[in-house]
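Close look at the chain arrangement
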Amino acid sequence: MSLKLFDLTGRRALVTGSSQGIGLALARGVGLAGAAVVLNGRDLAKLERAAEGLRADGVAQVDIAGFDVTDSAAVEAGVARIEAGLGPIDILFNNAGVNLRGALDAMPDETWHSVIATNLHSAFYCARAVAKGMIRRGRGKIVNTCSVMSMLGRPTTGPYTASKGAIGMLTKAMCADWAKHGLQCNGIAPGYFSTELTAPLRANAEFNDWLCKRTPAGRWGELPELVGAAVFLASDASSYVNGHLLYVDGGLTSVV
Ligand code: GCO
């Protein structure tokens, strides 16, 4: 079997929420597989530092695009600017996400709306914006960052869990609408990984102990362990995979 199946040379990937954490790991992974990478976030200085890091790691082409993915008009303008200035977006990673934890019964409206907007609305806005060109070209890849919370709940994570369940089903809706146009729309569903988002959990000995017992692999995931699934879903190797959520979770969702 040829490894060209996984070669992303000549493709451009936009990764939302990629100045750190999972997004930056996904960008590094597809960049080292040959893709030209566009990092997205709201903090231009942070994005530029992240881009410098990817270049130092050997990613040949890295650009940055600062726009707020929760702002529909900013997304349309941002995608148009990328495609006019750099070229077509062949791969979209809808990765932007936030987790504001708290008891549902005491959760302020703004907390709920902030999580749903960042984790769900953004994926719709960005996919809609890039799909126009992908449909015209008859091909494209959309990879939505889902989660084990697309399937499972945990106390204090109400809006996050709701948003990840919804983006999992939005992935299937994208498949339903766009597969006939040559787009493959799938989800990557991480378990518990060592990131800035989960730092408070890793610092909690009780949670850390519970997680390592709950996860068959017996440990947290490390960010490079997401790259294989990301390159697979972004490449020709997954040309007949559509509407699928690929769990990268150490077995967590497979056992009670
Ligand atoms: C939590 C964690 C999880 C992880 C990840 C699991 O509070 O339980 O933040 O939500 O971030 O999403 O896939």
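Preceding block: the structure.
A few points on the structure. (Residues numbered from 1 in each chain as written. Predicted model: local features only at pLDDT ≥ 70, side-chain atom pairs only at ≥ 80, totals over all residues. Heavy atoms only, no water.)

For the ligand, the set of nearby residues contains 14 residues, the closest of which are Ser147, Arg154, Tyr160, Pro190 and Tyr192. Backbone polar atom of Val148 to an oxygen atom of the ligand: 3.5 Å apart, as the coordinates give it. At 2.6 Å, a side-chain N or O of Arg154 approaches an oxygen atom of the ligand. Summarising the interface, the protein chains cover 96% of the accessible area of the ligand, which totals 330 Å² for the free molecule. Tallied by class, residues from the shell around the ligand come to seven nonpolar, five polar and two charged. (Near = heavy atom within 4 Å. Polar contact = N/O pair within 3.5 Å; in protein donor to acceptor, adjacent residues only side chain to side chain. Areas by Shrake-Rupley, 256 points an atom, 1.4 Å probe, with all protein chains shown as cover. Nonpolar A, V, L, I, M, F, W, Y, C, P; charged D, E, K, R; others polar.)

One finds Val30, Leu39, Leu54, Phe93, Ile188 and Leu226 to be the most contacted residues of the largest nonpolar core, which totals 32 residues. Of all the secondary-structure elements, those providing two or more residues to this core are strand E1 (12-15), helix H1 (21-32), strand E2 (36-41), helix H2 (44-57), strand E4 (91-94) and helix H8 (227-234). Sorting elements by how many residues they give to this core places H1 first, with six residues. If we ignore the near neighbours within four places in the chain, the residues touching Phe93 are Leu14, Val15, Thr16, Leu26, Val30, Val143, Ala230 and Ala234. (Core = buried A, V, L, I, M, F, W, Y, C linked by side-chain atoms within 4.5 Å. Buried < 20%, exposed > 50% of the residue type's maximum accessible area, 1.4 Å probe, protein only. Helix = DSSP H or I, 4+ residues; strand = E, 2+ residues; numbered from the N terminus. Contact = heavy atoms within 4.5 Å.)

Moving on, we get to the packing of aromatic side chains. Under the counting rule described, the total for this entry stands at five aromatic pairs. Each ring, one from Phe124 and one from Tyr125, has its centre 5.8 Å from the other, and the planes form 50°; the classification is tilted. A relative accessible area of 39% means that Phe124 is categorised as partly exposed. Geometrically, the ring pair formed by Tyr192 and Phe207 is tilted, given 5.8 Å between the ring centres and 55° between the ring planes. (Phe/Tyr/Trp six-rings, centres within 6.5 Å; stacked < 30°, edge-to-face > 60°.)

Before going further, it helps to examine the pattern of salt bridges. According to the stated counting rule, one finds 10 salt bridges in the structure shown. Notably, a salt bridge pairs Arg128 with Glu76, separated by 3.8 Å at the nearest N-O pair. Here Arg128, found in helix H4 (residues 109-137), pairs with Glu76, found in helix H3 (residues 72-85); they are 52 residues apart in sequence, far enough to count as distant. On the basis of relative accessible area, Glu76 is assigned to the partly exposed category, the value being 30%. (Salt bridge = Lys/Arg side-chain N within 4 Å of Asp/Glu carboxyl O.)

Moving on, we come to the state of the cysteines. Summed over the entire model, instances satisfying the criterion amount to zero disulfides. Among the cysteines around Cys146, which has no disulfide bond, Cys185 carries the closest sulfur, lying 12 Å off. Cysteine Cys175 is unpaired, with the sulfur of Cys185 as its nearest cysteine sulfur at 6.9 Å. Overall, Cys175 belongs to the buried group, its relative accessible area being 18%. (Disulfide = S-S within 2.5 Å.)

To continue, consider the sheet that holds E2. The parallel open sheet is built from seven strands, whose spatial order is E3-E2-E1-E4-E5-E6-E7. If you trace the sheet from one side to the other, it starts and ends with strand E3 (62-66) and strand E7 (245-248), each paired once. Within the sheet, the average angular offset between the axes of one strand and its neighbour, ignoring direction, is 20°. Those strands touched by H2 are E2 and E3, and its axis lies near 165° from that of E3. (Pairing = 2+ DSSP bridges. Axes fitted to C-alpha atoms, helices over the stretch in contact; angles between N-to-C directions.)

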